[in-house]
Amino acid sequence: MFTPQGPTLRELAVQAMSSVERGYDLLAPKFDHTPFRTPDLVLDPVARALRGLGPYEDGLDLCCGTGAGLGVLREVCAGRVVGVDFSAGMLEVARGGDPAASYVRADALALPFGPVFDLVVSFGAFGHFVPGEYPALFGQVRQVLRPGGQFAFPLPAPARPGSRGYWAMLGFDSVMRVRNAVWRPPFVMYYRPFKLADVRRELDAAGFDVALHALPELGERPDGTPRCRLVVATRRG
């Protein structure tokens, strides 16, 4: 449900007919009042898990949006905290929430940093990359990490075929594909292709050792497996 302060259906329609960058610029002032913001019930367990894996010095929130993930970095990093996003509107909102952090407007596929971070996190951004871009994306993350640095992000278990969540995700994906077939510029937002097996393979190929950490606060599926895991990829070499 959208709050009274959230975007109207008309505003969402205008955003959806824009490019990804322009769409998020338009949505930025109201983004935190939509279901698309990563909720604290996900951020808090991630922060708790990372506290047990640190310590970390400098941290980067990749595709930071309005800065929800910066709070996680504040909890686990002793040094500087940086947010990077390609939407100027989202960065403006993030800066208002945490003016002490540093912000850089950049494409995640062309990050303007050397190996200066110990931790990179990302929340809810991977649907904006098609599978063919994963090698470049993970290569960029490796490039900005110091040796032994870590790339961490939560990854929910896939919805079971036939479940309400499965059909909702399939329906959303189908609508986006039809939209992009008939309208330009494209708006890339496909979450179904981001699957654990594929992600692990691509991270390994990019030079990472991958470990999975259950987030028990987010519950279990009927078979006892976690509803959400924290993927922690450690840079080799």
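About the cut-offs
Residues numbered from 1 in each chain as written. Predicted model: local features only at pLDDT ≥ 70, side-chain atom pairs only at ≥ 80, totals over all residues. Heavy atoms only, no water. Helix = DSSP H or I, 4+ residues; strand = E, 2+ residues; numbered from the N terminus. Buried < 20%, exposed > 50% of the residue type's maximum accessible area, 1.4 Å probe, protein only. Contact = heavy atoms within 4.5 Å. Areas by Shrake-Rupley, 256 points an atom, 1.4 Å probe, with all protein chains shown as cover. Pairing = 2+ DSSP bridges. Axes fitted to C-alpha atoms, helices over the stretch in contact; angles between N-to-C directions. Polar contact = N/O pair within 3.5 Å; in protein donor to acceptor, adjacent residues only side chain to side chain. Core = buried A, V, L, I, M, F, W, Y, C linked by side-chain atoms within 4.5 Å. Phe/Tyr/Trp six-rings, centres within 6.5 Å; stacked < 30°, edge-to-face > 60°. Salt bridge = Lys/Arg side-chain N within 4 Å of Asp/Glu carboxyl O.

## A short note on the overall build of the protein
Turning to step 1, where the next piece is worked out: When helices and strands are counted, the protein shows eight helices and seven strands.
Turning to step 2, where the next piece is worked out: Relative to its full complement of 237 residues, the protein shows a buried share of 44%.
Turning to step 3, where the next piece is worked out: Summarising the internal contacts of the protein: among those between residues at least 6 apart in sequence, 67% fall at separations of at least 24.
Turning to step 4, where the next piece is worked out: Counting every atom, the protein has about 11600 Å² of accessible surface; 58% of that belongs to carbon and sulfur.

## Observations regarding the environment of Val-130
Turning to step 1, where the next piece is worked out: Positionally, Val-130 belongs in the loop between β4 (117-121) and α6 (134-144).
Turning to step 2, where the next piece is worked out: A relative accessible area of 33% means that Val-130 is categorised as partly exposed.
Turning to step 3, where the next piece is worked out: Along the chain, Val-130 and Phe-194 lie 64 residues apart, while their C-alpha atoms are 8.5 Å from each other.

## Overview of the sheet that holds strand β5 (residues 145-156)
Turning to step 1, where the next piece is worked out: Read from one edge to the other, the open sheet built from seven strands follows the order β3-β2-β1-β4-β5-β7-β6, with strand pairing classed as mixed. For this open sheet the edge positions go to β3 (102-105) and β6 (208-214), each flanked by a neighbour on one side alone. Strand-to-strand twist in this sheet, taken as the mean axis angle between neighbours without regard to direction, amounts to 20°.
Turning to step 2, where the next piece is worked out: In this structure, β4 lies alongside β5, joined through four bridges in parallel fashion. Paired with Val-121 across the strands is Ala-152, a residue of β5.
Turning to step 3, where the next piece is worked out: Helix α8 (residues 196-205) rests against β5, β6 and β7 (228-235) of the sheet, and its axis sits at about 145° to β6.

## A word on the environment of Arg-236
Turning to step 1, where the next piece is worked out: With respect to the helices and strands, the residue Arg-236 is situated in the segment after β7.
Turning to step 2, where the next piece is worked out: Under the relative-accessibility criterion, Arg-236 is labelled partly exposed at 29%.
Turning to step 3, where the next piece is worked out: C-alpha separation for the pair Arg-236 and Phe-208, spaced 28 residues apart in sequence, amounts to 5.5 Å.
Turning to step 4, where the next piece is worked out: Ignoring any residue separated from it by four or fewer positions in sequence, one finds Arg-236 in contact with Arg-142, Asp-204, Gly-207, Phe-208 and Asp-209.
Turning to step 5, where the next piece is worked out: From its side chain, Arg-236 meets the backbone oxygen of Phe-208 in a polar contact 2.7 Å long.

## Re the nonpolar core
Turning to step 1, where the next piece is worked out: Judged by nonpolar contacts, the single largest core of 28 residues is most densely connected at Phe-138, Phe-151 and Leu-203.
Turning to step 2, where the next piece is worked out: Where this core is concerned, the elements lending two or more residues are β1 (59-62), β2 (81-85), β4, α6, β5, α8 and β7.
Turning to step 3, where the next piece is worked out: With five residues, the top contributor of residues to this core is α6.
Turning to step 4, where the next piece is worked out: Setting aside its immediate chain neighbours within four residues, Leu-203 contacts Phe-138, Phe-151, Phe-153, Phe-208, Val-210, Val-231 and Ala-233.

## Some remarks on the packing of aromatic side chains
Turning to step 1, where the next piece is worked out: This structure, assessed with the given rule, holds 10 aromatic pairs.
Turning to step 2, where the next piece is worked out: Taking 6.4 Å as the distance between ring centres and 45° as the angle between the ring planes, the aromatic pair formed by Phe-151 and Phe-208 counts as tilted. Placement of the pair is Phe-151 in strand β5 and Phe-208 in strand β6, with a sequence separation of 57 residues. Pair check on accessibility: Phe-151 and Phe-208 agree, each one buried.
Turning to step 3, where the next piece is worked out: Among the aromatic residues, those joined into a cluster by ring pairs are Phe-126, Tyr-134, Phe-138, Phe-151, Phe-153, Phe-194 and Phe-208.

## Quick notes on the pattern of salt bridges
It is possible for side chains of opposite charge to pair when their charged atoms get near one another.
Turning to step 1, where the next piece is worked out: The final tally for this structure, using the stated rule, is nine salt bridges.
Turning to step 2, where the next piece is worked out: Linking Arg-37 and Asp-40 is a salt bridge whose minimum nitrogen-to-oxygen distance equals 3.6 Å.
Turning to step 3, where the next piece is worked out: Judged by its relative accessible area of 24%, Arg-37 falls in the partly exposed class.
Turning to step 4, where the next piece is worked out: What makes Asp-40 partly exposed here is its relative accessible area of 44%.
Turning to step 5, where the next piece is worked out: A salt bridge links Glu-217 to Arg-48, with the shortest nitrogen-to-oxygen separation between them at 2.9 Å.

Geometry only, nothing functional implied.
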